[in-house]
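# Descriptive structure summary
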Amino acid sequence: MVNARDNGVYMTNIAHIISLTADNLVVECGGVGKLVNEITVPGKPSLENHEPVMEFEKAFKLVELLVGIVDTVVFCSVLNFNLVESARSLKQGGMMRISLRLVTCLSTINCLKKRQRQKLRRADLVPKLVQEEINSKLTPLGTVGEPLRLHLLNKLEQRHNEDLKIDYLLEEKDVYHLRSCVMRDLDLYMKESEQQALQVLFYLSVLTVTQYHEIVNRHRGGNNITEQVQRALAHVGPLLNDLLLDFQGFFAKTILGTHGRELFNESLSCFKGEVSVVELAMQLCSQEWLTALEKHAGVSFTKLLREGRHVASSTDEYLVKLALWSENVAAEAIAEHIVRAAEFEMSSKQIVSALLAEQHNTIRLLHSQQKQSLVTGEKGWEYVKQFSEQLNLDTEHVTHYRLDSWEDSSRRRYKMLYNPTGTTHPQAVMHPTVRVPANREIECGSPNHVIVAQQLKKSQQPPEDDEEQDTAVDENDIDNNKGNLLFSERATLLLPGRRLTGTLTITKLAAMFSASESREEENYKFYNVDVSAVFTRRYLHLYRALEVFTIGHRSWLFVLTDYEAVRRAVASLPRVGVGLQYGLPSRRQISLAHPRRLLRESNIMDKWRSREISNFDYLMFLNTIAGRSYNDLGQYPIMPWILKNYTSEKLDLSDPGNYRDLSRTMGAQTAERAAKFRDKFEMSKEGVAPPFHYGTHYSTPGFVLMWLLRVEPYTTMFLKLQSGKFDHPCRAFSSVAQAWDNCQRDMADVKELIPEMFYLSELFVNDNGYELGDDEEGNSVNTVTLPPWAKDHHHFLQVHREALESEYVSSNLHKWIDLIFGISQRGDQAQAAINSFYYTTYEGLCDPSQVDDPIIKEALEEQIRSFGQTPPQLLTTPHPARNSIQHVLNANIKNLNGIVSVLNPVKDHPVTLVKPLLNPSLHSSPVLFTVSANQTITTNKFVPSIQNAYQVFVESDPSPRHVKDPMDPTLSSLPSSYAVSPDGKVLFCAGFWDSSFKSFAVDTGKQVQAMFGHRDLVTCISITDVAISLHVPHTRLADGIIVTGSRDATVCVWDWSGKIQRVTGIDGKHASARSVLTGHVGQVECVHVSGEQGTVVSASRTSPILLHRVTGELIRKIKVPPQFMIPSSILITKRCEIVAHYADQSGYLAVFSANGHIMITQELQEQVLSMICDREGNFLITGGFNLTPVVRSIKTLSPVLRLAPCQSAVRVLSLSQDQRFLIAGLTNGTINIYPVDLRRIVGDNYATAGNQ
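Read on for a plain summary of the structure. All figures in this text were calculated on a predicted structure; none of them were measured in a lab.

Turning our attention to the pattern of salt bridges. Across all of its chains, the model carries 37 salt bridges by this definition. Between Arg660 and Glu752 there is a salt bridge, with the nearest N and O atoms lying 3.3 Å from each other. Here Arg660, found in the loop between α23 (615-625) and α24 (671-684), pairs with Glu752, found in the loop between α27 (736-745) and α28 (793-804); they are 92 residues apart in sequence, far enough to count as distant. Residue Arg660 shares its accessibility class with Glu752, and that shared class is buried. The partner of Lys751 in a salt bridge is Asp749, and the shortest N-O contact between them spans 2.5 Å. Judged by its relative accessible area of 6%, Asp749 falls in the buried class. Within the structure, one salt-bridge network assembled from shared partners comprises Asp23, Arg97, Arg101 and Glu307.

The next thing to look at is a positive patch on the surface. Together, Lys91, Lys303, Arg306 and Arg309 make up a positively charged patch on the protein surface. Of the residues examined, Lys91 reaches a relative accessible area of 64% and is grouped as exposed.

Here strand β31 (residues 1148-1152) pairs with strand β32 (residues 1158-1163) via 5 bridges, running antiparallel. Looking at the pairing, Ala1150 lines up with Thr1161 of β32. Following β31, the chain reverses through 5 residues before pairing antiparallel with β32; Gly1156 in that reversal takes a positive phi of roughly 95°.

Within helix α15 (residues 277-285), 7 of the 9 residues are buried, which leaves the element mostly enclosed by the surrounding structure. Every buried residue belonging to α15 is among Val277, Val278, Leu280, Ala281, Gln283, Leu284 and Cys285, and all of these are buried.

Attention shifts here to the side chain of Glu762. Structurally, Glu762 is set in the loop between α27 and α28. Buried charge without a partner: Glu762 forms no salt bridge, and the closest opposite charge is Arg1116, 5.8 Å away.

With glycine set apart, most residues show a phi of negative sign, and most peptide bonds adopt trans. Cis peptide bonds are those with omega within 30 degrees of zero, and the linkage from Glu712 to Pro713 qualifies with 10°. Tracing the sequence through the fold places Pro713 in the loop between α25 (701-707) and α26 (714-721). Located in the positive-phi region is Arg411, a residue other than glycine, with phi close to 65°. In this structure, Arg411 sits in the loop between β1 (401-403) and β2 (416-418). For Gln935, which is not glycine, the phi torsion reads 65° and is therefore positive. On the secondary structure map, Gln935 appears in the loop between β12 (927-932) and β13 (936-944). Judged by its relative accessible area of 9%, Gln935 falls in the buried class.

Before going further, it helps to spend a moment on the sheet that holds strand β17 (residues 986-989). Strands in a sheet are paired, the pairing made by backbone hydrogen bonds, and the direction either parallel or antiparallel. Read from one edge of the open sheet, 4 strands run β16-β17-β18-β19, paired in antiparallel fashion. Edge positions in the open sheet fall to β16 (978-980) and β19 (1007-1012), since each of these has one partner strand only. When the angles between neighbouring strand axes are averaged without regard to direction, this sheet yields 20°. Here 5 bridges tie strand β18 (residues 996-1001) to β19, and the two strands are oriented antiparallel to one another. Looking across to β19, one finds that Lys998 is bridged to Ala1010.

Calculation rules
- Residues numbered from 1 in each chain as written.
- Predicted model: local features only at pLDDT ≥ 70, side-chain atom pairs only at ≥ 80, totals over all residues.
- Heavy atoms only, no water.
- Salt bridge = Lys/Arg side-chain N within 4 Å of Asp/Glu carboxyl O.
- Helix = DSSP H or I, 4+ residues; strand = E, 2+ residues; numbered from the N terminus.
- Buried < 20%, exposed > 50% of the residue type's maximum accessible area, 1.4 Å probe, protein only.
- Patch = residues over 30% accessible without salt bridge, like charges linked within 9 Å, V, L, I, M, F, W, Y side chains within 5 Å.
- Areas by Shrake-Rupley, 256 points an atom, 1.4 Å probe, with all protein chains shown as cover.
- Lys, Arg positive; Asp, Glu negative; His and termini not counted.
- Charge placed at Lys NZ, Arg CZ, Asp CG, Glu CD.
- Pairing = 2+ DSSP bridges.
- Axes fitted to C-alpha atoms, helices over the stretch in contact; angles between N-to-C directions.

Keep in mind these numbers describe shape, not what the thing actually does.
Next comes the structure, spelled out in structure tokens:
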């Protein structure tokens, strides 16, 4: 350790400290010369004559301690002290000379102490002192302590006498130190070692001669002189002998007798061989030797001591200068500190005030959170008790459901969750004798309207596009803020049908809203890492709100005081822009951009025109950037009426006569109705307000709640709007055909549709058991009457979706967009298109903030909320039309069912997993990932052609890897046993004997991690392809969710972190299941997790299909037909439809809705081994023992395309991310690659969709 290279600097620093303190301590002890004189001068053996600066015993203890350090740092090391000697201005060998002075000082003091003890012993004082000490300690014990006293006295005397028996001149350790001073650098510095040998020789000679004379004088005439001399010089004699022999040549030239005679050679015989120390002492005591040593060696020893005094003096001067310098530095530091303290005191006042405000907010939030936790716990217990009733599917008790707020990527909300507080609202039933009031338009000529119009005359022009003004936000505001509290202001949280006033607080970790109402449970929180998009929104036509979307597929709409508050809030939130799906940069300036700029700079219009996205997705995009939100019923998303034929038995979607005119508003679908509204426009010119065609709007909270009457929580909102009563049955939404007819006859009804009309079947059924009454003809309106061409509500939605995506609508939808969002929305274009509404519905024509009268202001705000708001104008030029299907379809693809490439990565071993990894943001190069039944991993080249998008170059992996851990022999190697991470770097395998599932590095095949959470064999595994959040503080953002099923009848949910390539747990580190899903009674056969829907679906034998949230809550138990016994695979489509395959007999396929309804089943004629769904959920592709991949329509499960047959059974299927290639893995180890264009199949289906 002393000579370790890493300790070199440390040891050198210690040596420097030794050089600074050694000589000063020697001086404090009296100096070596004075101490030696105490020994050599007769009659002065006492130390009492010394007058040191510090107490002698303290100085001696320090010297003794320092010699111990020198023993380690100097004598036991091989360090070179040149740096220390240079820093201390010492000549070469100075460190060893310092050590020699220190050692001689200690040895001299030890010698003096020994002489004192010898004197006491000769005076017979030791026994007396010991006796007195023992008596003083034990006398209080009396006779009881006598035996103990005698025993201790005996022991102490024995020990002391043993010490006094040794009459050595020097202790053995002192002789060792003197020898080390001479011999350490003998090989490196000979001259310095010779001088030190001469000095040690002189020092030892002086002590030896003195000791010899003292013994002779004390025992004059005695017989034991020789014995006493031999004992005294027993340690010193060998060192003297070695010095005289080892430095013979140097001493012969240096120590000269009288007239220069060589004494050394003459006396050499006395120093050789077995010479007694007595003879050596006698030789040294001769007068000639004493004279020669004093003359030659004494000068060197004196020079050594003089150097020590000089070094001590220079050290004192150095320390004095250092003290003065330190005092000056301290004075300057104090002055600077005073200045800084004053500055700090000034700035601290501001910081303290900010911290006090933050502390106040934190305490308030914590207090609120505590109360909320208590209320949540009580509600949770109620939820558990009531939810247990749902698990018994045979009960007659009505189970209530509510619409889940979870949105998919198309902003659709499919799932109905159990509603523990739901009721049938029996008190809200409308009495049949209640008179039905006539529908009435808003009286636009009322006094309030006239006054408001006059006050707002100066602001009737729409605001300029602020796309230049909204870019002045610092992109690094949140990063430069050193505090934890970033934003805290009064705000209003808009929830569907509710407005909560409170405080919005944004910290570096999360955003929290605390309501100021008495209900303490009204507090909401989301973590900043979960934020996926931030939009600036309008509220009451003013840009003073923002909507935050999270990865948890939920949005939060906050209304702030003004636009500047919105800017500060956006600057405090993460820099995410409006999301990545629109092709816009993740910048805060984008979050503040005007909707018109968002449309212009995004790539969504181009994608829609090239048919890369659906009509529904494009309309939802326009609604989203225009500020239409589910959280604000006054600005609910708008969708157009598509069809006008709701009376025929059959519907031909290829007939344009079955569609509404998308170039006209709902008020101008007929010439007669259009003429009436033109006349109304002319009549309204006489009023103070700007002229208008319609006094009502196409989207109002009342219309929205009418459509959603049968769906909670909108039922409760409807009752609140209607004073706690259901509307009269004649006005309720009870028939699709009647709703359309009302829009053609009623002058006050020009409403459009809502998104749920295209996907939510619960809109048309009365699952919650409300009593809505009977119409005038005595027909119940509890459920909605569907058109004759619709077999049921699921079929209606299928046809309605197909109509929306039809070629007619695709070719004309841009005209409707011009009416609602574009050029025909305002001004002369709107007048020509019969599309002008009352002025309070327009941005820029109505500004409540400029109204001073509080009564008028409140009335105006309520009118804006309740009677519709026109979206901001996104386009001032005509919207371009969509490209035709024939224009988009690729002409290079001649045969949709042909095979373009064949790959054989592992011969004669079935392919169990195949997945193309083509995402450039996740994968460095496009590859085709495969796993074979013998657990061989390959990553094969998969490069699509640049010239032909439906050609691909493939090449087998030259170095396949093998997973060495064997699977349990009782479990077959199936596709459901494997999954690969989204980035393709990690393979997950199930089926190991120790009830674990394991992860393996794809590039090496080595095990990375083993996860334990089940009590039996893991049978199946699934992983999401998109990021999802579980809203857990420790791991708020996971790169994926892994779900595993087991023979123990449980399903476990795990977090996957792509950043650290690990399965994590609640603490974010150690792997543990996020939640354990129960409900099965047997082995879980198949499982699938959808990050899009946030749901897990699982199936086991003779049990219902279970649908859970990824957070663990049971959504639904889906009953299956009794002939469905053996599930083999299951999946969730983008539309949240559940497709299951059962392997009973020749096999069954079944499609279920997200809410447990059987949509269609079909018995197969061949055994299916694998199935996948396309990205949009339109098609199901199956493969199995019939050797042919089959493309089936989800709505009918009938084949629409059969691909070219394979050489053996199809074991596994996969679609490329761009949906251009279908990859089929076969049981013989071969992989077939098919070009597919599902858009062509969709087009063909719509073209022949008649006679539904």
